2 protein chains.
Amino acid sequence: MKFTIFRDILLDALNHVSKGLSTKTPMPVLSGIKIEVSREKIILTTTNREISVQIVLDTSDQVTVYEEGSCIVPGKYFIEIIKKVEGKTVDFTLFEENTIKILSDRSNFTLIALEKSNFPDVSFESMGTPIVIKSTLLRQIIKQTAFAAGTSEARVVLTGVCFELKGDKLEVVATDSYRLSKKVTQLPEPHQPIQINIPSKALEELNKILESKDTDVELFIISNKALFKIQNISFMTRLIEGNFPDTNSLFPNTHIVEIEFNKNDLLATIDRTQVFTGNDVSSTIKMVLNRDKTVHVFSSSSEIGRVVDEIFPLKVQGIDQFQVAFSARYFLEALRAFESQEVTMKLTGELKPFLITGKNDDNLVQLILPVRTF
Amino acid sequence: MKFTIFRDILLDALNHVSKGLSTKTPMPVLSGIKIEVSREKIILTTTNREISVQIVLDTSDQVTVYEEGSCIVPGKYFIEIIKKVEGKTVDFTLFEENTIKILSDRSNFTLIALEKSNFPDVSFESMGTPIVIKSTLLRQIIKQTAFAAGTSEARVVLTGVCFELKGDKLEVVATDSYRLSKKVTQLPEPHQPIQINIPSKALEELNKILESKDTDVELFIISNKALFKIQNISFMTRLIEGNFPDTNSLFPNTHIVEIEFNKNDLLATIDRTQVFTGNDVSSTIKMVLNRDKTVHVFSSSSEIGRVVDEIFPLKVQGIDQFQVAFSARYFLEALRAFESQEVTMKLTGELKPFLITGKNDDNLVQLILPVRTF
């Protein structure tokens, strides 16, 4: 097995497949990258059982194959080497089944290959009709929802992000049961109804790959897996089993008051207010709408002190006095999900879930459960 | 006690005095900033017993005092508040001995003051004739030497940087007994001979203050303390007691070979060579000078693999074959201390200390003890 490849092409491919590397695993082979070389193409594959990534590089003037073959190269070290070499091209040769030679410019590396027979078989074969989404849109959907998913293994179903197809609408919901993010997207064509629950951590890895891409993404659902095809990259993740809760009933139908803010002013106010309590989920702040249409935000810590900050809303509609308390962190994370400069809080009662919407984010809504304070 | 101050002036002062704050201490008062207000000036003081810092702000159009007094404000929270407020000025008021009110723009903070009586008395009074050094030169001296000091409490004397005055020469030496950095500086006028040992950690904190300054620094030695005066800032550190070892005998008088390199090429080569062994002090690399005037650098890990990198020296003088092994990290740190683009290794024997000098760093020499490899 022997090939020569442009260093930048290889490094780019390695950055993508690295998302499927296992860092701590009882199976060392899962920390490796499988390299398969034929006359027509070079295939790089990683899998950590949760996420599997494959890239296919066609042989061309940037890749030259001298001898076919395959091996498993230690992922971390191989990536470090390719990052550090200074040659324009890299020569890769496998000797005697398990000795890898990597040459570039005046550098010469010898690496011991991992045992090939233990590498799991992973099929990236696509089946059925894909759901097609623009990469930029998918990236936005993930950025605006995945943060709201749960992290507790006690309710595994909430550690995923629910993607539900209803005709030509894609509804994406994530919730940890204290806050929820929902984004609805119009697809170019209708699809069979389907609901899948994708691990939020896998979506965050996928988003790193999407960052550098502006293209169509094809999503295939294959039994208990989701397979994303992005040009020559295949990204596959297992799905979370179990019923994602029906969250529609959580949304209040009416509001007794709506308050519109400049988002950045509100972010700065909330950020100042948590100066004594820190960024902990449990640090609560209280927001009070006064009759004079000012809003005061309060926070206190019995040992350190307290804060009162004042902010002028852009608009107030509904009753003229109100108060609500909530987790500062949840509120900040919800605000940051919006692209709009104007955001509106829609409140129904002191202990009822309230909504946040954005002037130019038609299809995004954030829901937060207030905290009881006495 | 009540005053108004420009926020940016206060924040700058707080950044400097924060270097003397204690983060974890059995004495909570040491995590506080002492604020003393009189008609003429505001004095901010911190001390963690090792380092003490004081800033004196004259009252002016940027500081207005309404009522004199003093208190200890919780350092971390006070700094966080002043970072986050958006007003151009900050109003500071002390009520009832221990309640601090801070107002800025539309933000209103109440902080509980720390118990004043426990704050140690620290005198920053200068005595005797100072040694005067330009702040930019002192910063360079610290940057080029302090990294080589020891970290082990088993030999406390080596955790300091030795400053020795010999007439109009200032010799600064740091060593952890495996490597050494020595910088000699010509002072504008001669001084009484003196040798002091300053904790390297204190010097690194001092360097953060010096970063933003271009001025003369006055150094006073007062019994077991060093006091640096930088404009309105006083930075004091305790000195390390005990005899700093005489290091002059370590320097070889002759060399059997001198090899000059481009520093950045050498840095990149060494960095590549440690790809399998990491940045650990104990990871050793071997350098071999070949008869054809190329230099090869080797490193290996029995479990992962090995590296051979080649570099062309700019010049070789002396014998035509040589080899030496050393800690990659010590070598990289020594190289980075030079400002020159050309550096020269001066070697005496496989197991004898070798020197590194820089073409334009006349007064700086780095010494490294080789490692035995078999």
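Here we look at unusual backbone geometry
Generally, phi is negative for residues other than glycine and the peptide bonds are trans, each holding for most cases.
All names here are of chain A.
1) Next: The residue Arg49 is not glycine, and still its phi comes out positive at about 80 degrees.
2) Next: Of note, Arg49 is situated in the loop between strand E3 (41-47) and strand E4 (51-58).
3) Next: A positive phi angle, close to 70 degrees, is found at Lys293, a residue other than glycine.
4) Next: Inspection of the secondary structure assignment puts Lys293 in the loop between strand E17 (284-289) and strand E18 (295-301).

Details of the interface of chain A and chain B
1) Next: Chain A puts 30 residues into the contact, and the matching count from chain B is 30 residues.
2) Next: When chain A packs against chain B, close to 2800 Å² is buried across both sides, 54% of that on carbon and sulfur atoms.
3) Next: On the chain A side of the contact with chain B, Lys84, Arg106 and Arg272 of chain A bury the most area, a combined 24% of that side's loss.
4) Next: Between Glu86 of chain A and Arg272 of chain B there is a salt bridge; the shortest N-O distance is 3.1 Å.
5) Next: Counting the contacts that link chain A with chain B gives 18 residue pairs in polar contact (both at pLDDT 80 or more).
6) Next: The set of elements that each furnish at least two residues to the side of chain A that touches chain B consists of helix H2 (75-84), strand E9 (107-112), helix H5 (263-273) and strand E19 (305-311) of chain A.
7) Next: Relative to strand E9 (residues 107-112) of chain B, E19 of chain A is paired through five bridges, and the arrangement is antiparallel. Across the sheet, residue Asp309 of chain A finds its bridge partner in E9 of chain B, namely Ser107 of chain B.

A short note on the relation of the copies chain A and chain B
1) Next: At an RMSD of 0.0 Å, chain A and chain B line up after a rotation of 180 degrees and a shift of 0.0 Å along the axis. Expressed as a symmetry operation, the mapping of one chain copy onto the other fits a two-fold axis.
2) Next: In this assembly, 100% of the residues forming the interface of chain A have copies in chain B that are likewise at the interface, indicating an isologous arrangement.

Things to note about the packing of aromatic side chains
All names here are of chain A.
1) Next: This structure, assessed with the given rule, holds 16 aromatic pairs over all chains.
2) Next: A centroid spacing of 6.3 Å and a plane angle of 55 degrees characterise the contact between Phe331 and Phe354, whose relative ring orientation is tilted. Taken as a pair, Phe331 in helix H6 (residues 328-336) and Phe354 in strand E23 (residues 354-358) lie far apart in primary sequence, 23 residues in all. We note that Phe331, like Phe354, is buried.
3) Next: Counting every residue linked through ring pairs, the aromatic cluster contains Phe3, Phe78 and Phe92.
4) Next: Geometry around Phe251 places Lys182 over its ring, the cationic atom sitting 5.2 Å from the centre.

Section: the sheet that holds strand E21 (residues 322-327) of chain B
Sheet strands associate in pairs through backbone hydrogen bonding, adopting either a parallel or an antiparallel arrangement.
1) Next: Strand order in this open sheet of nine strands is E5(A)-E1(A)-E7(A)-E8(A)-E9(A)-E19(B)-E18(B)-E17(B)-E21(B), and the pairing throughout is antiparallel. Here the strands that pair on one side only, and so sit at the sheet edges, are strand E5 (63-67) of chain A together with E21 of chain B. Here the strands of the sheet are splayed against their neighbours by 15 degrees on average, with no regard to which way each runs.
2) Next: With five bridges joining them, strand E7 (residues 89-95) of chain A and strand E8 (residues 99-104) of chain A adopt antiparallel strand pairing. When the sheet's bridge partners are listed, Leu94 of chain A is paired in E8 of chain A with Ile100 of chain A.

Rules of the game
- Residues numbered from 1 in each chain as written.
- Chains lettered and ligands numbered in written order.
- Predicted model: local features only at pLDDT ≥ 70, side-chain atom pairs only at ≥ 80, totals over all residues.
- Heavy atoms only, no water.
- Helix = DSSP H or I, 4+ residues; strand = E, 2+ residues; numbered from the N terminus.
- Contact = heavy atoms within 4.5 Å.
- Buried area = accessible area lost by both parts, 1.4 Å probe.
- Salt bridge = Lys/Arg side-chain N within 4 Å of Asp/Glu carboxyl O.
- Polar contact = N/O pair within 3.5 Å; in protein donor to acceptor, adjacent residues only side chain to side chain.
- Pairing = 2+ DSSP bridges.
- Least-squares fit on C-alpha atoms with pLDDT ≥ 70 in both.
- Phe/Tyr/Trp six-rings, centres within 6.5 Å; stacked < 30°, edge-to-face > 60°.
- Buried < 20%, exposed > 50% of the residue type's maximum accessible area, 1.4 Å probe, protein only.
- Lys NZ or Arg CZ within 6 Å of the ring centre and 35° of its normal.
- Axes fitted to C-alpha atoms, helices over the stretch in contact; angles between N-to-C directions.

Scope: geometric values only; no functional claims are made or implied.
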